[in-house]
Amino acid sequence: MKKTGFLAFAIITGLAALVFGQGLNFSAAVDKDRLEIGDQLTLTLTVTGNVQKIPEPKVKNVGDFALYASGRSQNITFVNGVVTSTTQFNFVLVPKKAGTFTVGPAELEIGGKLLQTSPISVTVLPSGSAPKQPAPAPTEAQVREGLKDIFVTASVDKSRVYVSEQVTYTVKFYQAVRLFDNPEYYPPSVTGFWKEDLPPNTSRYETVSGRRYLVSEVKMALFPTASGRQTIGEATVKCKVEDLDALFNRDPFNVDLNQFFNRGMRDRVLRSQPLSVEVLPLPEGGRPDDFTGAVGQFQMRSEWNKKTTEVNEPVTAKITLWGAGNVKSIAEPKVATPQNFRVFLSGSSERLTREGVRIGGGKTFELSFVPREPGSFSLPPVSFSYFDPAKKRYVNLKGQPLHLTVTGTRELAGGYSGVTQKELDVKQTDLRYLKRELGGEHGSFVGSAGFWALQTFPLILLGAAVALRRVRDKEETDVSYFRSRRASRMVKKGLKEIRAASRLPAVEYFGRLHKLLLEYLGDRFNVASWGMTRGEIKALLDSNRVSDEDKTSLLELLDLADRARFSGWRPSLPEREEALAKAERVIRALEGSR
């Protein structure tokens, strides 16, 4: 212990000797030597050498400029036993009139020695021919802001939008000092918004009140899901910075080597201000009947796979929608079922793009039209409507109609094909059998249990076939019935897969759970579930008379999933299992209420 204390004392004493034993270098620089009236000039005075505390220099001559102090920064290196300190003093100069002026010299008195910089010549030109708004002199608040070593700001590109219109949220982290580690970013809570990240993050240099900062920028796209005033929470940045005061003011007899070599590290937590966004409801006037909630700017293309077909052979319409907006909110286009046809969705796909700060992409639907009888038909064009926030009105898009020729035999009302009405009208003919009396010593088979079993077995098979056919017909013609039957099977399979993937990252794990619950609600109640807001989900559960307990549990699960996906919360394995068990209980309750 004594050896350790002696070693620390020797190191500190040696450093102190080095600090005061080396010379100093004092210099001045400006960011430009020509500027116009209305611009501003940054003067940087740099002191390099081995010294602890440096007083603020004085600028003797600033010509016809207004001078404002804009903070200082300091960097210390310790290499091979040599301490080197670089300190920069920043000043903002705002010209008062045009002309050529001399700035400086600046003076610094330290250790009884007076240091001076060389004067700098600066030319101030009149404002250009194009009128320019003169830059006002920095305010006291701006000067204080410039004195900060690090700070965080948050902003939105629009403070007033429509429901489902994109808001671009930007967080900037300003850094004028060296950090010991990469900063940790925690996004804000965005309840009432659908969130999409906008990578990649960018970094660049900016000058604020004459001080140069490295600025790291993070953006994300937000889509409000309900009207009214919505609040975006505070973003948080955690980092470790140098505490120079702690380094120089440390007790020289402190033998804590760990603190000495950590060089005064200090934890900082920065938070942005919460932001408010006014969300307008979509207008009721002029809303088309086929509007399903899409907001943005979109285009549509529709294609038919053929112009001739047979009875019961589907013809497929491929509808592709693309453009800028929340593609995930685009629901299946509404199609009126033509007479003598069955219509159902046979597939869909989705592609999301991020071009600059705009979210967009495309979505494709395939609709199958199944004819019931032969003839020539004109299928109406598929239409799609969306709301354009830039034009503040609804826009309707229409695809190409189809003139379809159907061949073959008319389908029977019961759904059977391949049997004509003519064949059913054939008169019945009696079948006469040669009958032999059975009896004698072996007994009679007629009337025995085996006899009746053979007689009834074909009837049982026929009844089962008819029942199965009716179920299949109902699944083909009644989309609600088909989706409701599928819901139970798919949700059980999905819950089992999620349980087996408990080690996935929280974002992916709860993303799967969120998607599964929405898909179950869509199939269970025959609605388009993508893009449903919390209020719409609550209204759906109310309209289907779901109990308050089950409704609350389901909404809490969806909120929990959003928290894990968007807030940076990292739930433990028991918390994941508890959420999954709660989901299973809610599903069982909803299944039991059929």
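Residues numbered from 1 in each chain as written. Predicted model: local features only at pLDDT ≥ 70, side-chain atom pairs only at ≥ 80, totals over all residues. Heavy atoms only, no water.

> What's the story with the overall build of the chain in this structure? I'm lost.
Secondary structure summary: the chain contains 11 helices and 30 strands in total. The 594 residues of the chain split such that 40% are buried. When contacts within the chain are restricted to residue pairs at least 6 apart in sequence, those whose partners lie at least 24 apart make up 73%. Accessible surface computed for the chain: about 33,900 Å², of which carbon and sulfur atoms make up 52%. (Helix = DSSP H or I, 4+ residues; strand = E, 2+ residues; numbered from the N terminus. Buried < 20%, exposed > 50% of the residue type's maximum accessible area, 1.4 Å probe, protein only. Contact = heavy atoms within 4.5 Å. Areas by Shrake-Rupley, 256 points an atom, 1.4 Å probe, with all protein chains shown as cover.)

> It is not clear to me how unusual backbone geometry should be interpreted in this structure. Could you clarify?
Most peptide bonds take the trans configuration, and most residues that are not glycine carry a negative phi. At the junction of G104 and P105, the peptide bond is cis and its omega measures out at 5° in the coordinates. By secondary structure assignment, the location of P105 is in the loop between β7 (99-103) and β8 (106-110). For S164, which is not glycine, the phi dihedral falls at a positive 75°. Here S164 is to be found in the loop between β12 (160-162) and β13 (167-175). Phi at N340 takes a positive value of approximately 70°, unusual for a residue other than glycine.

> Is there a simple way to think about the sheet that holds strand β23 (residues 308-310) in this case?
Within a sheet, neighbouring strands are paired by backbone hydrogen bonds and run either parallel or antiparallel to one another. Here we have three strands laid out as an open sheet, ordered β23-β30-β27, and mixed in their pairing. Looking along the sheet, the strands with just one partner apiece sit at the ends: β23 and β27 (375-379). Neighbouring strand axes in the sheet, compared pairwise and without regard to direction, differ in orientation by 30° on average. By the bridge criterion, three bridges tie β23 to strand β30 (residues 402-407) in an arrangement that is parallel. Each bridged residue has a counterpart across the sheet, and for T308 the counterpart in β30 is T405. (Pairing = 2+ DSSP bridges. Axes fitted to C-alpha atoms, helices over the stretch in contact; angles between N-to-C directions.)

> Honestly, the sheet that holds β8 in this entry has me stumped. Any pointers?
The sheet built from three strands is open, its strands ordered β4-β8-β9 with antiparallel pairing. Looking at strand neighbours, the two that pair on one side only are β4 (58-59) and β9 (113-116), the edges of this open sheet. Summarising the sheet, β4 and β8 pair through two bridges and their orientation is antiparallel. Across the sheet, residue K58 finds its bridge partner in β8, namely E107.

> Quick question: what am I supposed to make of the pattern of salt bridges here?
Pairing of side chains with opposite charge becomes possible as their charged atoms draw close. According to the stated counting rule, one finds 23 salt bridges in the structure shown. Among the ionic pairs, R512 bridges to E508, the shortest N-O distance being 3.4 Å. Here E508 and R512 lie together in helix α8 (residues 506-525), a separation of four residues that amounts to about one turn. According to the relative accessible area criterion, E508 is partly exposed, its value standing at 37%. Between K551 and D542 there is a salt bridge, and its shortest N-O distance comes to 2.6 Å. Here the salt bridges do not stand alone but share partners, grouping K172, R204, E206, E217 and K219 into one network. (Salt bridge = Lys/Arg side-chain N within 4 Å of Asp/Glu carboxyl O.)

> Looking at this structure, I do not really get helix α9 (residues 534-543). What am I missing?
Side chains that are three or four residues apart share a direction in an α-helix, a result of its 3.6 residues per turn. Within α9, burial applies to I537, L540 and L541. Considered in projection along α9, the buried side chains sweep an arc of 95° and stay on one side of the axis. A positive phi of about 60° marks R545, the residue just after α9. (Arc of directions from axis to C-beta.)

> Hey, could you run me through the nonpolar core in this one?
The nonpolar side chains of a soluble globular protein tend to be buried, and buried together. Counting residues in each nonpolar core, the largest one holds 31 residues, and the members touching the most others are Y169, F173, L222, I232 and L282. Structurally, this core is a two-domain feature, drawing no fewer than three residues from each of domain 2 (132-281) and domain 3 (286-423). Beyond its immediate sequence surroundings of up to four residues, L222 is in contact with E165, Q166, V167, Y169, V190, F193, W194, K195 and I232. Counting 29 residues, the second-largest nonpolar core is a separate cluster that includes V491, Y509, F510 and L580. (Core = buried A, V, L, I, M, F, W, Y, C linked by side-chain atoms within 4.5 Å. Domains from an automatic or database assignment.)

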